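Here's the letter readout for the chains.
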Amino acid sequence: VRPVTAVAVSRPSSTDDEPFLFSASLDSTIRIWAFPSASRDTYDPVDSSLAQGVLEPAADAVWGLAPLSDDRLACITADGSIQVWNWRARERLASWTYGAAEPAKGSLRKRPAQVPTPTALAVVEAELEDSQGVKEFLVVAFQNAVVKVFDAEDGREVKRIEADESAGTSSLLSSGAPPSLGHSR
């Protein structure tokens, strides 16, 4: 087991659904955890029944996580990929990189330098000018100071934002929605 690099909490589909916790790490896995009961003491022994499963994105490390609706989870990895999973079914639904439909193969050191690595990930629900209704989008920052907005359903790039030195990539993500994305909800 390696250090944890990111955590996220599921978005329950209904009020009856219990949330789940996800933890990503340098061991190239995403672990799924049930929340302990409120009566559990902080110093109680580890309850192994809280471990609910493992997703294996097949990357060097998982750097970021973002929960989506419908039991989906997005992640960014050290191999440069952005992936969307159905975490209940343990199935990868989509995978793409900065400019390609399939991720680059190999470690960060072995893959071509021209493929920027994702560094931050957020989800925004918005209505873009060309979309019909509110949809989920993945906002992904890359090491080359570019922020891209992808359709969370199919990985299609819908917006590209060049981060300037005054705004910086992190300030675009911390606001919840990039400038001129559309109407955020």
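Higher on the page you've got the structure.
So, here's what we can say about the structure. The model shown is predicted, which means the values in this text are computed figures rather than measured ones. (Residues numbered from 1 in each chain as written. Predicted model: local features only at pLDDT ≥ 70, side-chain atom pairs only at ≥ 80, totals over all residues. Heavy atoms only, no water.)

Re the sheet that holds strand β8 (residues 91–96)
On the basis of which strands lie adjacent, the open sheet formed by four strands has the order β5-β6-β7-β8 and antiparallel pairing. If you trace the sheet from one side to the other, it starts and ends with β5 (62–68) and β8, each paired once. Sheet twist, expressed as the mean angle between neighbouring strand axes with direction ignored, is 20 degrees. When strand β7 (residues 82–86) meets β8, the two strands line up antiparallel, connected through five bridges. Paired with tryptophan 85 across the strands is arginine 92, a residue of β8. (Pairing = 2+ DSSP bridges. Helix = DSSP H or I, 4+ residues; strand = E, 2+ residues; numbered from the N terminus. Axes fitted to C-alpha atoms, helices over the stretch in contact; angles between N-to-C directions.)

Quick notes on the pattern of salt bridges
Throughout the structure, instances matching the rule amount to 11 salt bridges. With a shortest N-O distance of 3.0 Å, glutamate 157 and lysine 148 are connected by a salt bridge. Members of the salt-bridge network, linked through shared partners, are Arg11, Arg72, Glu125, Glu136 and Glu153. (Salt bridge = Lys/Arg side-chain N within 4 Å of Asp/Glu carboxyl O.)

Quick look at the pairing of β7
Buried residues dominate β7, accounting for five of its five residues. Neither face of β7 is left uncovered, since the one carrying Ile82, Val84 and Asn86 and the one carrying Gln83 and Trp85 both have all their residues buried. With five bridges connecting them, strand β6 (residues 72–77) and β7 associate as antiparallel partners. Bridge pairing in β7 links isoleucine 76 to isoleucine 82. (Buried < 20%, exposed > 50% of the residue type's maximum accessible area, 1.4 Å probe, protein only.)

Structural notes on the environment of valine 54
When you line up the elements, valine 54 lands in strand β4 (residues 51–55). Once the C-alpha coordinates of valine 54 and tryptophan 87 are considered, the two residues, 33 residues apart in sequence, prove to be 8.8 Å apart. Apart from the residues within four sequence positions on either side, valine 54 is in contact with Thr29, Ile30, Arg31 and Arg90. (Contact = heavy atoms within 4.5 Å.)

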